[in-house]
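# Notes for the structure review
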Amino acid sequence: MRLKIVQAGDPVLRREARPLTVEEIALDPIQQLIEHMRETMRDAPGVGLAAPQIGLPIQLVVIEDRAEYLKAVDPAVLAERERGPVDFLVLANPRIVNRSARTAEFFEGCLSVAGFSALVQRSSGGTVEYLDAAGKTRVLEAAGWLARSVQHELDHLDVRLSIDRRDTLTCATIDDLGR
Ligand code: ZN
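These remarks concern the structure in this document.

Reading guide: rules and limits
- Residues numbered from 1 in each chain as written.
- Predicted model: local features only at pLDDT ≥ 70, side-chain atom pairs only at ≥ 80, totals over all residues.
- Heavy atoms only, no water.
- Helix = DSSP H or I, 4+ residues; strand = E, 2+ residues; numbered from the N terminus.
- Buried < 20%, exposed > 50% of the residue type's maximum accessible area, 1.4 Å probe, protein only.
- Polar contact = N/O pair within 3.5 Å; in protein donor to acceptor, adjacent residues only side chain to side chain.
- Core = buried A, V, L, I, M, F, W, Y, C linked by side-chain atoms within 4.5 Å.
- Contact = heavy atoms within 4.5 Å.
- Salt bridge = Lys/Arg side-chain N within 4 Å of Asp/Glu carboxyl O.
- Donors = N, O, S within 2.8 Å, 3.2 Å for Na, K, Ca; no water.
- 1 Å grid on protein atoms, 1.4 Å probe; cavity = no way out; pocket = protein on both sides within 12 Å on 5 of 7 lines; lining within 4 Å.
- Points joined across faces, edges and corners; volume = space filled by probe spheres on them.
- Nonpolar A, V, L, I, M, F, W, Y, C, P; charged D, E, K, R; others polar.
- Expected span 1.5 Å × (residues − 1).
- Pairing = 2+ DSSP bridges.
- Axes fitted to C-alpha atoms, helices over the stretch in contact; angles between N-to-C directions.

### Notes on the environment of histidine 156
Mapped onto the secondary structure, histidine 156 falls in helix α5 (residues 144-157). A residue is classified by how much of its surface remains accessible, and histidine 156, at 2% relative accessible area, is buried. Looking at histidine 156, its side chain comes within polar contact range of the side chain of histidine 152, at 3.4 Å.

Right under this line is the structure:
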């Protein structure tokens, strides 16, 4: 089932997301939600989706960067962004426990700020602790574009949007960027 992605201005994007318990992750409602979020993210298409973006203030994020998306991108851009394929990831209650001091600045978009892209500076790497779809504790060492995606999605759980971090002078519509 494809879910409606709420847009900037919707108050749910500004509500603090609550953590999930291991027990509720195992139950049907969350398991079904994970499948719906996967379908919604692929349909958009996007490389990440946080539960507040579909109207639920809970700490659940999905991320996936499919090889077929990367085929459409200039290899020089992929190299510069340190972007490679990422298998479907489910992160419940994610916490960044370590952040690289090295930063990078790139244009990034957001499914909740449709049509816009902004330059955002973020850490180039970091360590995130989370519960997976089975409720098991995991540690992810993320670098490059994946590190950016993780930080972007975690901002949604922390009631931040990339437009809050943007350099306003660089905020451009996708059409402007194309030109
Ligand atoms: Zn977003």
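### Some thoughts on the nonpolar core
In this structure, Leu20, Ile30, Leu33, Met37, Leu49, Ile58 and Leu60 are the most contacted members of the largest nonpolar core, which totals 17 residues. Of all the secondary structure elements, the ones that give two or more residues to this core are α2 (28-43), β2 (60-65) and β3 (86-99). Take this core: its biggest share by element is five residues, from α2. Apart from the residues within four sequence positions on either side, isoleucine 30 is in contact with Leu20, Glu24, Ile25, Ile58 and Leu60. Formed by 16 residues, the second largest nonpolar core is a distinct cluster that contains Leu91, Tyr130, Leu140 and Ala142.

### Considerations on the pattern of salt bridges
Overall, the coordinates contain 12 salt bridges when judged by the stated rule. Arginine 18 is the salt-bridge partner of glutamate 24, the closest N and O atoms lying 2.8 Å from each other. Given the relative accessible area of 41%, arginine 18 is considered partly exposed. Between glutamate 68 and arginine 66 there is a salt bridge, with the nearest N and O atoms lying 3.8 Å from each other. Residues joined by salt bridges that share partners form a network here, namely Glu108, Arg122, Arg148 and Asp155.

### A short note on the coordination of the zinc ion
Bound to the zinc ion are the protein donor atoms Cys110 (SG), His152 (NE2) and His156 (NE2), situated 2.1 to 2.3 Å from the metal. Along the chain, the residues that donate to the zinc ion are spaced as C-x41-H-x3-H. Placement of cysteine 110 in the loop between β4 (103-109) and β5 (116-123) and of histidine 152 in helix α5 is noted, with a sequence separation of 42 residues between them. Of the two residues, cysteine 110 and histidine 152, both sit in the buried class.

### Describing the layout of surface pockets
Estimated volume of the largest pocket: approximately 720 Å³. Along the wall of the largest pocket there are 29 residues; nearest its centre are Gly46, Val47, Glu108, Gly109 and Cys110. Considering each element in turn, the lining of the largest pocket owes the most residues, six residues, to α5. Split by residue class, the lining of the largest pocket holds 15 nonpolar, nine polar and five charged. Here the second largest pocket defines a volume of roughly 330 Å³. For the second largest pocket, the lining is made up of 17 residues, of which Pro94, Leu154, Asp155, Leu157 and Asp158 are closest to its centre.

### Quick word on α5
Under the 1.5 Å per step criterion, the end-to-end length of α5 is 21 Å for 14 residues, consistent within 8% with the ideal 20 Å. Valine 159 occupies a position one or two residues after α5 and carries a positive phi of about 50°.

### Quick word on the sheet that holds strand β7 (residues 137-143)
Read from one edge to the other, the open sheet built from five strands follows the order β1-β2-β3-β6-β7, with strand pairing classed as antiparallel. Two strands in the sheet have a free side with no partner beyond their single neighbour: β1 (48-50) and β7. When strand polarity is set aside, the average angle formed by the axes of neighbouring strands in this sheet is 40°. Note that β3 and strand β6 (residues 125-131) share five bridges and pair antiparallel. Residue alanine 92 lies in a different strand from β6, and its bridge partner there is leucine 131. Packing of α2 onto the sheet brings it into contact with β1, β2 and β3, and relative to β2 it is tilted by some 40°.

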